[in-house]
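# Coordinate inspection notes
Chain by chain, the residues run as shown.
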Amino acid sequence: MPAAVYLGGGDMAVREVPVPVPGPGEALVEVSHCGICGTDLHLVLEQYARPNTVLGHEWSGTLAALGDGVRDDGVDGWELGARVVADATPGCGECRACLRGRPSVCLRREPTDFLAFTGAFTQYKVVAASRLLRIPDGLSMRHAALTEPTAIAIHTVHLAGVTPDDRVLVTGAGPVGLLTTAVLHAQGVHDITVSEPAPRRRERALAVGAKAVCTPDELLPAKMGQPVEQPFTVAFECSGHASAAEQALDQLDYAGTLVFVGTGNKMPKINHNRAIIFELTIIGAYNYDAEGFAPALELLASGALPLDELVEADDVGLPGVLDAMHRLAAGDLAGKVMVTPAAS
Ligand SMILES: [Zn+2]
Ligand SMILES: [Zn+2]
């Protein structure tokens, strides 16, 4: 089968790879759509990925084969052709993180190995049948590929403890910032300002639920020990840029919360004095809520999200993945780019 393979040196190409065979308790999924994630961008463009790996983890697909021991009666079990996504493995249920309702950072989980990864920028993928979830009727395969990043956005908003009376700043209106904005809006949080340098992305932020947009230079620095004129209670840093994180911290009111969502390779300088005097909370959000992907599927199927604004209009085949990554990194595209392996 064809796969978009990372070759090393920031380059990718379509190569033939063997179709995987599902083992006991596993299922073979034919990938329908797979979104390009910011993590994929870092792994390829910043050359962290191991040569010969296939990336892509935001997929939807249909069941193409079932391994031994997977019930195939279509009632309690599965049937070929079923439309599915698969969520993360649950935590152990017993460690400190699990007991605090944070199984996605279960202490007994193997540390994430970003390098040994078998992804979905290809035609078929094997997954544990126990982790399969059915895509609700009425939700397209294309939009169902937003399940994983939507689960992250729900988790991010949940961890931050945002309420409708919060005044929220989102820095960065790429796919992550847009999805975070849309989830906030769907949850009744309407006072959202999005800071973003690219005009096309600012426009899209307004379309997905931002009340206001600005460029980063419009956010004026705070005077020492004082809040800015119109401070925010919560800031979601979705750009991965150190300067945006520094700026977001400056814009927070007393007892404000900064949430790190976007990763980046340049570390921000955190003004600890400000964090102390303002009693700020600084948190990171990475994985999913204890409920896994189910709430994301429900939200996507509910019609409450502007799905067409969140996904770029043009899907790309496997040969177009690298070019789309460059365009995303340049801020040239705003929404999630969907890869369609079958169309390649
Ligand atoms: Zn992702
Ligand atoms: Zn655990």
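Residues numbered from 1 in each chain as written. Chains lettered and ligands numbered in written order. Predicted model: local features only at pLDDT ≥ 70, side-chain atom pairs only at ≥ 80, totals over all residues. Heavy atoms only, no water.

### Section: the packing of helix α5 (residues 175–186) against helix α6 (residues 199–207)
Where α5 meets α6, the closest approach of the two axes is 9 Å, and the angle between their N-to-C directions is 20 degrees. Considering their axes alone, α5 and α6 lie roughly parallel with respect to each other. For the element pair α5 and α6, the recorded crossing hand is right-handed. The segment α5 lies against α6, with Pro175, Leu178 and Thr181 engaging Arg201, Arg204 and Ala205. (Axes fitted to C-alpha atoms, helices over the stretch in contact; angles between N-to-C directions. Helix = DSSP H or I, 4+ residues; strand = E, 2+ residues; numbered from the N terminus. Parallel < 35°, antiparallel > 145°, perpendicular 65-115°, else oblique. Left-handed = near helix turned anticlockwise from the far one by under 90°. Contact = heavy atoms within 4.5 Å.)

### Quick look at the pattern of salt bridges
In total, this model carries 12 salt bridges according to the counting rule given. A salt bridge links Glu94 to Arg108, with the shortest nitrogen-to-oxygen separation between them at 3.0 Å. With Glu94 in the loop between β5 (83–86) and α2 (96–99) and Arg108 in the loop between α2 and β6 (124–128), the pair connects residues that are 14 residues apart, well separated along the chain. Residue Glu94 shares its accessibility class with Arg108, and that shared class is exposed. Arg204 is the partner of Glu309 in a salt bridge, and the nearest nitrogen-oxygen pair spans 3.9 Å. (Salt bridge = Lys/Arg side-chain N within 4 Å of Asp/Glu carboxyl O. Buried < 20%, exposed > 50% of the residue type's maximum accessible area, 1.4 Å probe, protein only.)

### Topic: the domain arrangement of the protein
Examined at the domain level, the protein breaks down into domain 1 (2–146 + 311–343) and domain 2 (151–284). Placing a centre on the C-alpha atoms of domain 1 and another on those of domain 2 gives a separation of 28 Å. The partner domain 2 presents 13 residues to the 14 residues of domain 1 that form the contact. In total, about 1100 Å² of surface goes out of reach between domain 1 and domain 2, with carbon and sulfur atoms giving 48% of it. At the boundary of domain 1 with domain 2, the tally comes to 2 salt bridges. Where Arg200 meets Asp332, a salt bridge forms, and the shortest distance between an N and an O atom there is 4.0 Å. The tally of links from domain 1 across to domain 2 stands at 6 residue pairs in polar contact (both at pLDDT 80 or more). (Domains from an automatic or database assignment. Buried area = accessible area lost by both parts, 1.4 Å probe. Polar contact = N/O pair within 3.5 Å; in protein donor to acceptor, adjacent residues only side chain to side chain.)

### Structural notes on the coordination of the zinc ion (ligand 2)
For the zinc ion (ligand 2), the protein coordination sphere consists of Cys92 (SG), Cys95 (SG), Cys98 (SG) and Cys106 (SG), at 2.3 to 2.4 Å. One way to put it: the 4 donor atoms around the zinc ion (ligand 2) meet at angles of 105 to 117 degrees, and that makes the site tetrahedral. Each donor residue of the zinc ion (ligand 2) belongs to the same chain, with the gaps between them written as C-x2-C-x2-C-x7-C. A single burial state applies to Cys95 and to Cys98, both of which are buried. (Donors = N, O, S within 2.8 Å, 3.2 Å for Na, K, Ca; no water. Tetrahedral: all angles 85-135°; square planar, octahedral: opposite > 155°, others 65-115°.)

### A word on the coordination of the zinc ion (ligand 1)
Those donors, Cys37 (SG), His57 (NE2) and Glu58 (OE), are the protein atoms that reach the zinc ion (ligand 1), and they lie 2.1 to 2.4 Å from it. Within one chain, the residues donating to the zinc ion (ligand 1) are spaced in sequence as C-x19-H-E. Of this pair, Cys37 sits in the loop between β3 (26–35) and α1 (38–45) while His57 sits in the loop between α1 and β4 (58–66), and the two are 20 residues apart along the sequence. A relative accessible area of 11% places Cys37 in the buried class.

### A short note on α5
Taking 1.5 Å of rise per residue, 12 residues should cover 16 Å, and α5 covers 16 Å from first to last C-alpha, within 8% of that figure. In terms of burial, α5 is largely enclosed, as 9 of its 12 residues are buried. Within α5, burial applies to Pro175, Gly177, Leu178, Leu179, Thr180, Thr181, Ala182, Val183 and Leu184. Gly188 lies just past α5 and shows a positive phi near 90 degrees. (Expected span 1.5 Å × (residues − 1).)

### Some words on the environment of Glu26
Within the secondary structure, Glu26 sits in strand β3. Overall, Glu26 belongs to the partly exposed group, its relative accessible area being 28%. Note: C-alpha distance between Glu26 and Arg327 (301 residues apart in sequence) is 36 Å. If we ignore the near neighbours within four places in the chain, the residues touching Glu26 are Val21, Leu66, Gly67, Val70, Val126, Val127, Ala128 and Ala129. Within polar-contact distance, the side chain of Glu26 engages the backbone nitrogen of Gly23 at 2.7 Å.

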